[in-house]
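A closer look at the structure
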Amino acid sequence: MFSKLFPAGEQLWKNQDDKGVRSRIIAYTPECLIMEWCFHNKGHVVPKHEHYHVQFSYIVKGSAVVTLADGSENLLRTGDAVSFAPNEFHKLVTQEPDTVVTDVFLPLRLDHLEAHMNG
């Protein structure tokens, strides 16, 4: 059987670093990972990077400038979303304190899952 529950009370926030970044695993399957990130500080930079996963990012609260592979910078506000193809460079800079972003990764982003579960 594949079904699994992810009660909100078990979705514990984990401090990612000493720069005010927290994350939690919302749900996952062998094919997909849904995570939420809270960036405490305005101006926090998620550096330009790429990975082989498809990624969807949804701004739950706050705002961020997302730089796409073509170099364009785009202001995303609460309720906006963006998608990234596999191996597409992207970057994020928060524009407000306590910005919250939900990310969906396909396939499962095992590095994030293991870091969260083991750290």
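An account of the accompanying structure is given in this report. (Residues numbered from 1 in each chain as written. Predicted model: local features only at pLDDT ≥ 70, side-chain atom pairs only at ≥ 80, totals over all residues. Heavy atoms only, no water.)

Core analysis: the biggest nonpolar cluster contains 17 residues, and Leu 33, Met 35, Phe 39 and Leu 92 have the highest contact counts within it. At four residues, strand E3 (residues 32–39) tops the list of elements feeding residues into this core. In contact with Leu 92, other than residues within four places in its own chain, are Phe 39, His 44, Val 45, Val 46, Ala 64, Val 65, Val 66 and Val 101. (Core = buried A, V, L, I, M, F, W, Y, C linked by side-chain atoms within 4.5 Å. Buried < 20%, exposed > 50% of the residue type's maximum accessible area, 1.4 Å probe, protein only. Helix = DSSP H or I, 4+ residues; strand = E, 2+ residues; numbered from the N terminus. Contact = heavy atoms within 4.5 Å.)

Moving on to the packing of aromatic side chains. Evaluation of the coordinates by the stated rule reveals one aromatic pair. The ring of Phe 89 carries the charged tip of Lys 48 above its face, separated from the ring centre by 4.8 Å. Over the face of the ring belonging to Phe 105 we find Arg 109, whose NZ or CZ atom lies 5.3 Å from the ring centre. (Phe/Tyr/Trp six-rings, centres within 6.5 Å; stacked < 30°, edge-to-face > 60°. Lys NZ or Arg CZ within 6 Å of the ring centre and 35° of its normal.)

Turning our eyes to something else, we now look at unusual backbone geometry. Residue Pro 107 is bonded to the preceding Leu 106 through a cis peptide linkage, with omega at -5 degrees. Position of Pro 107 among the secondary structure elements: in the loop between strand E10 (99–106) and helix H1 (110–118). Located in the positive-phi region is Asn 87, a residue other than glycine, with phi close to 60 degrees. Here Asn 87 falls in the partly exposed class, since its relative accessible area comes to 46%. Even without a glycine there, the phi angle at Asp 98 is positive, about 60 degrees.

Glancing now at the pattern of salt bridges. For the structure on display, the rule yields two salt bridges. Residue Arg 24 pairs with Glu 36 through a salt bridge whose shortest N-O separation is 2.6 Å. Taken together, the residues Arg 24 in strand E2 (residues 21–29) and Glu 36 in strand E3 connect sequence positions 12 residues apart. On the basis of relative accessibility, which here comes to 8%, the residue Glu 36 falls in the buried class. With a closest N to O distance of 3.0 Å, Asp 111 and Arg 109 form a salt bridge. Taking the relative accessible area as the measure of exposure, Arg 109 reaches 10% and is therefore buried. (Salt bridge = Lys/Arg side-chain N within 4 Å of Asp/Glu carboxyl O.)

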